[in-house]
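Residues per chain, in single letters:
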Amino acid sequence: MNELFKKLNIKPNDEKLYNIAFSHSSYANEHKAKQDYERLEFLGDAIVDMVIAEYLYTNYSEDEGEMTKVRSSYVCENALYEYSMDLGLEKYLRLGHGELKENGRYKKAIVADIFESLMAAIYLDLGFSTVRRIILEVIVPYIENPKINFFNDYKSALQEYVQAEQDTIHYNLIDEVGPSHDKTFTVDVLVDGIVYGRGVGSSKKEAEQEAAKVALDKLAKID
């Protein structure tokens, strides 16, 4: 992991934190370890959100709604996966044998998670100023590159359409399968009680976005 520390320009005090940050639940279960990265991921999610929110508030003059959309674009699963892969974080993942066989080292949800868990480990070990520097160094170049678009907010687009037509919209969770660390969700979106789209994803949000995209495509053809 020294190569990573050098890349991030940090000198850790507690390397155990970083081992936890890369330990998937499948590894923890197999090795009877006390912790996996999930608690760190929870903390890291809030830290990344806060740093990017502060950056947007300081550097842009858009209103709350627009800043929320921009922030969502750069802290979504697709974006976090890209940051992790750029840093080579997947190399340090500690996975159980079953997860390794299922190519878990390259699963988007897992690889995205470890960016947040690593940021939490850095925060706990080296403080807020250090983790803030790293987050900004990694993410700001993406924000400043207008050609990069990680995330189309189909739900917001559908909501705007529905409001214009004075229709109602509702998302129904149809199915949820798989182990806790690797679930697949199926969601239907209903407009005025009629199913207009179905989406499948590794999170409810991802499935809802896919369902909204299908609905928008269908509504565009009707119009």
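Keep in mind it's a predicted model, so treat the numbers as computed, not measured.

About the cut-offs
The residue count restarts for each chain, going from 1 along the sequence in the order it is written. Totals for whole chains, interfaces and linings use every residue, but because this is a predicted model, local features are given only for residues with pLDDT of at least 70 and side-chain atom pairs only at 80 or more, for both listing and counting. Side-chain numbers come from the whole structure's heavy atoms, not from hydrogens or water. Of the two site types, the cavity is a set of points on a 1 Å grid over the protein atoms alone where a 1.4 Å probe fits but cannot get out, and the pocket is an open set with protein on both sides within 12 Å along at least five of seven lines, each lined by residues with an atom within 4 Å of a point. Grid points are joined across faces, edges and corners, and a volume is the space filled by probe spheres set on the points. To qualify as a helix, a DSSP run of H or I must reach at least 4 residues; to qualify as a strand, a run of E must reach at least 2; elements of each kind are numbered from the N terminus. Put simply, Ala, Val, Leu, Ile, Met, Phe, Trp, Tyr, Cys and Pro go in the nonpolar bin, Asp, Glu, Lys and Arg in the charged bin, and everything else, Gly too, in the polar bin. Axes here mean lines fitted to C-alpha atoms, for a helix over just the part in contact, with angles spanning 0 to 180 degrees between N-to-C directions. Angles are sorted into four bins: roughly parallel if under 35 degrees, roughly antiparallel if over 145, roughly perpendicular if 65 to 115, and oblique for all others. Working rule for contacts: check all heavy atoms of both residues, and any pair within 4.5 Å makes them a contact. Multiplying 1.5 Å by the helix residue count minus one yields the expected span of that helix. We define the bend at each residue as the angle formed by axes fitted to the 7 residues ending at it and the 7 residues starting at it. Buried means the residue's accessible area, taken with a 1.4 Å probe over protein chains only, is under 20% of the maximum for its type, while exposed means over 50%, and partly exposed covers the values in between. Patch definition: residues above 30% relative accessible area lacking any salt bridge, with like charges linked at up to 9 Å and the nonpolar side chains Val, Leu, Ile, Met, Phe, Trp and Tyr linked at up to 5 Å. Surface accessibility in these figures is a Shrake-Rupley result with a 1.4 Å probe; residues are shielded only by whichever protein chains are displayed. Salt bridges are defined by distance alone: a side-chain nitrogen of Lys or Arg within 4 Å of a carboxyl oxygen of Asp or Glu. What makes two strands pair is DSSP finding at least two bridges between them. By the definition used in this description, the sense in which the near helix is turned from the far one sets the handedness, with an anticlockwise turn below a right angle giving left-handed and a clockwise turn giving right-handed.

1. A closer look at the layout of surface pockets
Once rolled over the atoms, a probe with the size of a water molecule shows which space is left empty.
Here comes step 1: Approximately 1,300 Å³ is the volume attributed to the largest pocket.
Here comes step 2: C76, E77, S203, K205 and E206 are the residues nearest the centre of the largest pocket, which is lined by 42 residues in total.
Here comes step 3: Elements with a contribution of two residues or more to the lining of the largest pocket: α4 (38-59), α5 (64-75), α6 (77-87), α8 (108-126), α10 (154-165) and α11 (204-222).
Here comes step 4: Ranked by residues supplied to the lining of the largest pocket, first place goes to α11 with seven residues.
Here comes step 5: Each residue belonging to the lining of the largest pocket can be placed in one class, and the counts come to eleven nonpolar, eleven polar and 20 charged.

2. Some thoughts on the packing of α8 against helix α9 (residues 128-143)
Here comes step 1: Close contact between α8 and α9 brings their axes to 7 Å; oriented N to C, the two are set at 150 degrees. Comparing the axis directions of α8 and α9 gives the class roughly antiparallel. Residues F115, M119, I122, Y123 and L126 of α8 touch α9, and the partners they reach there are F128, T130, V131, I134, I135, V138 and I139.
Here comes step 2: By residue class, the composition of the contact of α8 with α9 is eleven nonpolar, one polar and no charged.

3. Focus on α9
Here comes step 1: Helix length check: α9 (16 residues) gives 21 Å between terminal C-alpha atoms against 22 Å at 1.5 Å per residue, within 8%.
Here comes step 2: A maximum bend of about 30 degrees is found in α9 at E137, where proline P141 lies one to four positions downstream.
Here comes step 3: Among the residues of α9, T130, V131, I134, I135, L136, V138, I139, V140, Y142 and I143 are the ones counted as buried.
Here comes step 4: For α9, the secondary structure elements touched by its buried residues are α1 (2-8), α4, α5, α6 and α8.

4. Looking at a nonpolar patch on the surface
Here comes step 1: Taken together, the side chains of M50, Y123, L124 and F128 define a hydrophobic patch exposed on the protein surface, amounting to about 360 Å² of accessible area.
Here comes step 2: Structurally, the position occupied by M50 is in helix α4.
Here comes step 3: Judged by its relative accessible area of 43%, M50 falls in the partly exposed class.

5. Digging into the sheet that holds strand β1 (residues 169-177)
Here comes step 1: Taken together, three strands build an open sheet; the order of strands is β1-β2-β3 and the sheet is antiparallel. Either end of the sheet is taken by a strand with one partner, and the two such strands are β1 and β3 (194-201). Neighbour-to-neighbour, the strand axes of this sheet turn through a mean angle of 20 degrees, independent of strand direction.
Here comes step 2: Bridge analysis of strand β2 (residues 184-191) against β3 gives seven bridges, and the strand direction is antiparallel. Within β3, the position partnered with D188 by the bridge is R198.

6. Here we look at the packing of α4 against α9
Here comes step 1: Closest axis-to-axis distance for the α4/α9 pair is 10 Å, and the angle between their directions is 65 degrees. Between α4 and α9 lies a crossing of right-handed hand. Facing α4, whose interface residues are I47, V48, M50, V51, I52, E54 and Y55, α9 presents F128, V131, R132, I135, L136, I139, V140 and I143.
Here comes step 2: For the contact of α4 with α9, the residue count by class is 13 nonpolar, no polar and two charged.

7. Points about the pattern of salt bridges
Here comes step 1: This model, assessed by the stated rule, comprises eight salt bridges.
Here comes step 2: Across the pair E102 and K107 runs a salt bridge whose closest N-O atoms are separated by 3.3 Å.
Here comes step 3: You can call K107 buried: its relative accessible area is 17%.
Here comes step 4: Close ionic contact of R198 with D188 constitutes a salt bridge, the shortest N to O distance being 2.6 Å. With R198 in strand β3 and D188 in strand β2, the pair connects residues that are ten residues apart, well separated along the chain.
Here comes step 5: Judged by its relative accessible area of 7%, D188 is buried.
Here comes step 6: Where salt bridges share partners, they join E99, E102 and K107 into one cluster.

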